[in-house]
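Each chain is listed here by its residues.
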Amino acid sequence: MTTGGHGLPPGTNMDSPIFVISVAAELAGLHAQTLRSYDRLGLVSPGRAAGGGRRYSPRDIALLREVQRLSQEEGVNLAGIKRIIELEQVTDELRNRLEELEQELAAARAAAEHAAAAVHASYRRDLVPVDRRQALVVWRPKPRK
């Protein structure tokens, strides 16, 4: 687990559910009822405390601000905002998967290069490669019976 950074308490990260709804609403510049509405619509789904109360992470706060910005400044309706959020999540997942695959490919290439180097190192040094374009071929006809 990462510590602090970005003004977070030690031992927490951007996904740690640490803010109660009143604090989250204040940080996001929204009314608590708006946060409840966004949760019901599936726009921003906070974690839950043992007693069932909503707990918002710093990432949730950033998402609440983005929902507000898209709604107020860009004029996007809530259904559109939900679709934007879903597509951004899919894009993030695909970007992460691409990075994983690039790392796997780099490892496979390195392993292939290592294997090729091992094969080349195992060649007998007393054998000499022959350029087939300059090789001499002797032809002898088969004897007739």
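Residues numbered from 1 in each chain as written. Predicted model: local features only at pLDDT ≥ 70, side-chain atom pairs only at ≥ 80, totals over all residues. Heavy atoms only, no water.

## What about the overall build of the protein?
The helix and strand tally for the protein stands at 4 helices and 3 strands. Seen in sequence order, the protein has helices and strands lined up from the N terminus as β-α-α-β-β-α-α. Relative to the globule expectation of 15 Å for 145 residues, the C-alpha radius of gyration of the protein, 32 Å, shows a markedly less compact shape. Its C-alpha atoms put the protein at 105 × 35 × 30 Å along the principal axes. Counting all 145 residues of the protein, 19% fall into the buried class. Taking as baseline every contact in the protein between residues at least 6 positions apart, the subset at least 24 positions apart corresponds to 47%. The average position of the 21 basic charges and that of the 18 acidic charges among the side chains of the protein differ by 15 Å. (Helix = DSSP H or I, 4+ residues; strand = E, 2+ residues; numbered from the N terminus. Rg over C-alpha atoms; globule rule 2.2 N^0.38 Å. Buried < 20%, exposed > 50% of the residue type's maximum accessible area, 1.4 Å probe, protein only. Contact = heavy atoms within 4.5 Å. Lys, Arg positive; Asp, Glu negative; His and termini not counted. Charge placed at Lys NZ, Arg CZ, Asp CG, Glu CD.)

## Looking at the nonpolar core
In terms of nonpolar packing, the biggest core is built from 17 residues, with L35, L43, Y56, L64 and V67 touching the most fellow members. Those elements giving two or more residues to this core turn out to be helix 1 (21–28), helix 2 (32–41), helix 3 (58–72) and helix 4 (78–121). When near neighbours in sequence (up to four residues on either side) are disregarded, V67 contacts Y38, L43, V44, I81 and I85. (Core = buried A, V, L, I, M, F, W, Y, C linked by side-chain atoms within 4.5 Å.)

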